[in-house]
Amino acid sequence: MRISIAFLLALVAGGNTQRATFAPSYPSPWGTGGPGWDEAYEKAREFVSKLTLLEKVNLTTGTGNQADLCTGNTGSVPRLGFRHLCLQDGPVGVRYTDNNSVFPAGISAAATWSRSLLRKRGEALGQEFSGKGIDIHLGPVVGPLGRDPAGGRNFEAFGPDPYLAGVAVAETIIGAQSAGVIASVKHYILNEQEHFRSGISSNLDDKTMHEVYLWPFADAVRAGVGSVMCSYNQINNSYACENSYVLNKLLKNELGFQGFVVSDWGAQHSGVASALSGLDMTMPGEGFGAAGYSSFWGGALTEAVLRGEIPQWRLDDMVIRIMAAFYKVGRDTKQIDINYSSWTYETEGPRYWAAKMGNTTVNKHVDVQGNHGELIREMGAKATVLLKNTGKALPLIRERIIAVIGEDAQDNPDGPNGCVDRICNNGTLAMGWGSATAEYPYLISPATALEKQAEADGTAFINVKSNFDLESAKAAARNATVAIVFANANSGEGYTTLDGNFGDRNNLTLWKGGDELIQAVTSENSNTIVVIHSVGPVLIDHIKNNPNVSAILWAGLPGQESGNSLTDVLYGKVNPQGRTPFTWGKGAKDWGVSILFNSTSYTPQQDFAEGVFIDYRYFDQQDIEPSFEFGFGLSYTNFTYSNITATIQENGAYKPAEGTTPPAPTYGELDLDPKSAVTPEGFLKIPRFIYPYINSATLQNSTVTIPTGSQNASAQLILPAGGPSGGNPDLYKVLYVITAAITNTGEVAGTEIPQLYISHGGPAEPKAVLRGFDEISLEPGGTKTVVFNVTHRDLSNWDADAQDWILTVYPKTAYVGASSRDFRLQAELPLRK
């Protein structure tokens, strides 16, 4: 076993408890450009060469919470006419503004299994952020990935499968950045639960890191993402925002990331250490616990450079990376003035909210929605997963009497934005709670849309709004030809509690008496349709097996057009193509993992002992029968699969990367006289605003321990798996082209989602993992050929000893089918020696 193996176990001093650690990695790699980045780097080098020490520090440091108009704000460079950078949440829309859209959550977007819709969603989000004057969109999300189905923020991301999440995040980034904003993919990495998120150590091995959790981030880097946000938690007992292994080695060296790393809000825990470990920008700027300054950076960073603790090349690299991302997406030509304030909806108010200074027009109420409601409606419908449809209960056709039952079908009586950050569960659920929210311009409830459809059809409409008036629910169901009953399950960010759930879900049951409501309705109506809005899987096997439940739909978190999207599916205007992006177990223990709810330590240890076996991989390994498997979803038509082919490609053998980087460059001359870094005489500071100035021209002696190798500016070895923007380019060579014929054998047009799974063959590997999918739309009787390009990366496993992706000696098999447990075709994939 080579000493370079990354996963080590170190004994805690004074005890025999073992704690997981990764080997430190220094120096922090400097950006060099590369495919898609070269032009941006040239512009960045020219700009940064003109900057002073204070100006460079100003671009790396947030000016403080609520210090300026945006959720996050850097300093500016007034001398060169460069305004501060504006960072803003969130993944479903522009947070803290008005006249914006609310898109389907990440988990619903993933349920479409549609590359084109994911790209369009990203582009529309980018347009809205750009239209508000925002430079950096804080999204999309692939951390949490979704290790545990009860994880509070799983809904922000694209589900627990690394391949699906990787495709979704890449398409979203390409779309968003094409609109001229920097995407900041988050939360890097292993922030898999909300309890103890600011101290918990997520402990795992190198293979699991690469094959599961790092995988979608690699796709984000390959897509050209401009920014990566590091998370609150620790990874193997080192905080994410100062973890040299995950930032320096994995992200910047192995994956060749050329953009900048920004901290989550308050996730920075040190000054010099975080800079040398790869952090490039701190947000919101305050350093909780920083001594001498209100920030770990700002003036403290200036001091660190003056004392020689942080070399010029590292500071220059921070700023180069920030500015390269700025130029890469065209902010130099597309930037407009910031036209809103995150801290008030009033038109007039203080620009510097924390200081209550600078009264001006802060909100221009710019409408950025465009025609995005149409896309949102389409996505919401195509994300809806039809889980059960007995006797062709759906689609509905001019029913005589419809009963809509349940609070989840209704309008929130306080309005769609009646709860701050959606921290409530009143009315229909269309997004989770927390920072990943936005203000609804409107929210079409299912009851509103279904009543409109009923009026058009001449259908009698009964609406029962309460979950707890079971007698009224029974009476309505008794008198209806079809009863549509609604239930939900919510979760969110762990800075508050909702109904006893501190972000993470306490259990996987339906909320607000949903099970009892469904039981009451089905006791009176043998044609009951169950609709579930939820952040992830719930335990519904008893509902699935209820003979009076004729159909079940998972409608996810569909955004502002919720009711219209659902009605389109219920009435057959849209043939459902949604496929579940996670597994539905029969019991909470079926996933083999659990949230760490209780600990006497602020920094508890959570060992990812299951390794690569999460979600369907674990179900397969343990031979557990799910209620509904990953990738499952019904249609109003039927499809057959035939004629699989597997053709090996002559693209040359994989070659580990080799060679060295250039030495670390510096840009411009720095004035290292401390007298030049103090606050200029007569300069009036804005209260609670963070500046780059030092407190005194007399510097204290350094007390910082400098990690070995962290100041080394010499050329560095390139890692075997390394390469610009996504890793070794040979990883993406196509080894096999697999094709299959898909035929619509039903009576209506529909869309099938054929899925490719690969067995890597090893005894310690999952039975099969997703490695491809497509969206095939067919008229009745039509046939199309689906094509899957299988790369070296797809067929490889991570070898922790070799620190590279290796084709193992075990036989590889390709399966094409309709879900992770419905394989229709298979082909062996022999590999040349």
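Keep in mind that this is a model prediction, so the values were computed, not measured. (Residues numbered from 1 in each chain as written. Predicted model: local features only at pLDDT ≥ 70, side-chain atom pairs only at ≥ 80, totals over all residues. Heavy atoms only, no water.)

S.K.: Can you lay out the overall build of the protein for me, pointing to particular residues and giving the numbers?
M.R.: On a plain count of helices and strands, the protein comes out with 20 helices and 31 strands. The C-alpha atoms of the protein give a radius of gyration of 27 Å, which matches the 28 Å a tight globule of 833 residues would have. Principal axes of the C-alpha set define a box for the protein whose edges measure 85 × 70 × 55 Å. Counting all 833 residues of the protein, 65% fall into the buried class. Element-wise, carbon and sulfur atoms account for 50% of the exposed surface of the protein, whose accessible area totals about 28,500 Å². Charge centroids of the protein, computed over 64 positive and 85 negative side chains, lie 2 Å from each other. (Helix = DSSP H or I, 4+ residues; strand = E, 2+ residues; numbered from the N terminus. Rg over C-alpha atoms; globule rule 2.2 N^0.38 Å. Buried < 20%, exposed > 50% of the residue type's maximum accessible area, 1.4 Å probe, protein only. Areas by Shrake-Rupley, 256 points an atom, 1.4 Å probe, with all protein chains shown as cover. Lys, Arg positive; Asp, Glu negative; His and termini not counted. Charge placed at Lys NZ, Arg CZ, Asp CG, Glu CD.)

S.K.: Account for the confidence of the model for the protein, with residues named and values stated.
M.R.: Overall, the prediction assigns the protein a mean pLDDT of 96, with 98% of residues at 70 or greater. Across the protein, strand β24 (residues 755-759) holds the top mean pLDDT of 99, while strand β1 (residues 7-11) sits lowest at 34. Every residue in residues 1-16 is under pLDDT 50, and counting partners more than four places away or in other chains gives 38 contacts. (pLDDT = per-residue confidence, 0-100. Contact = heavy atoms within 4.5 Å.)

S.K.: Explain helix α2 (residues 53-60) residue by residue, including any values.
M.R.: Judged by how many residues are buried, α2 sits mostly within the fold: 8 of 8 residues are covered. Among all positions of α2, only Leu53, Leu54, Glu55, Lys56, Val57, Asn58, Leu59 and Thr60 are buried. For α2, the secondary structure elements touched by its buried residues are α1 (38-48), α10 (299-306) and α11 (312-328).

S.K.: Let's hear about the packing of aromatic side chains: which residues, and what values?
M.R.: Here the structure, examined in full by the defined rule, presents 29 aromatic pairs. With centroids separated by 6.3 Å and ring planes inclined at 85°, the aromatic side chains of Tyr163 and Phe773 adopt a geometry described as edge-to-face. Highlighted residues: Tyr163 in helix α5 (residues 162-178) and Phe773 in strand β25 (residues 769-773), separated in sequence by 610 residues. The pair Tyr163 / Phe773 is uniform in exposure class, with both members buried. With a centroid separation of 5.9 Å and 85° between ring planes, the pair formed by Trp215 and Trp805 is classed as edge-to-face. You can see Trp215 sitting in helix α7 (residues 215-222) and its partner Trp805 sitting in strand β29 (residues 804-806), a full 590 residues away along the chain. (Phe/Tyr/Trp six-rings, centres within 6.5 Å; stacked < 30°, edge-to-face > 60°.)

S.K.: Explain the sheet that holds strand β31 (residues 822-828) residue by residue, including any values.
M.R.: The antiparallel open sheet is built from 4 strands, whose spatial order is β25-β24-β30-β31. Here the strands that pair on one side only, and so sit at the sheet edges, are β25 and β31. Adjacent strand axes in the sheet meet at a mean angle of 30°, parallel and antiparallel pairs treated alike. As defined by bridge partners, β24 adjoins strand β30 (residues 813-819) across 5 bridges and the pair is classed as antiparallel. Bridged to Ile758 within β30 is Ala814. (Pairing = 2+ DSSP bridges. Axes fitted to C-alpha atoms, helices over the stretch in contact; angles between N-to-C directions.)

S.K.: Give a detailed account of the pattern of salt bridges, specifying residues and quantitative values.
M.R.: With the rule as written, the count across this model stands at 39 salt bridges. The closest approach of N and O atoms between Glu493 and Arg153, which form a salt bridge, is 3.3 Å. On the criterion of sequence distance, the pair formed by Glu493 in the loop between β17 (482-489) and α16 (514-522) and Arg153 in the loop between β5 (136-137) and α5 is long-range, its members being 340 residues apart. Each member of the pair Glu493 and Arg153 is classed as buried. Residues Asp219 and Arg793 are paired through a salt bridge, measuring 2.7 Å at the closest nitrogen-oxygen approach. Highlighted residues: Asp219 in helix α7 and Arg793 in helix α20 (residues 792-795), separated in sequence by 574 residues. Judged by its relative accessible area of 7%, Arg793 is buried. Salt bridges here are not isolated pairs; linked through shared partners, they connect Arg153, Glu156, Glu194, Arg197 and Glu493. (Salt bridge = Lys/Arg side-chain N within 4 Å of Asp/Glu carboxyl O.)

S.K.: Residues and numbers for empty space enclosed by the protein, please.
M.R.: Scanning the model with the defined rule gives 7 cavities of 30 Å³ or more in all. Of the pockets and cavities examined, the largest cavity occupies roughly 150 Å³. Lining the largest cavity are 15 residues, and of these Pro416, Arg422, Cys424, Asn426 and Thr428 lie nearest its centre. Of the residues that constitute the lining of the largest cavity, the class distribution is 7 nonpolar, 7 polar and 1 charged. Each pocket or cavity is described by its volume, and for the second largest cavity that value is around 110 Å³. Lining the second largest cavity we find 14 residues, and of these Gly146, Asn154, Pro160, Pro537 and Phe582 sit closest to its centre. Of the residues contributing to the lining of the second largest cavity, the split by class is 8 nonpolar, 4 polar and 2 charged. (1 Å grid on protein atoms, 1.4 Å probe; cavity = no way out; pocket = protein on both sides within 12 Å on 5 of 7 lines; lining within 4 Å. Points joined across faces, edges and corners; volume = space filled by probe spheres on them. Nonpolar A, V, L, I, M, F, W, Y, C, P; charged D, E, K, R; others polar.)

S.K.: For the environment of Leu306, give the residues involved together with the corresponding values.
M.R.: In this fold, Leu306 is placed in helix α10. Residue classification places Leu306 among the buried positions, given a relative accessible area of 13%. Ignoring anything within four residues of it in the chain, the contact list for Leu306 reads Leu53, Asp671, Leu672, Pro674, Ala677, Ile694 and Leu699.

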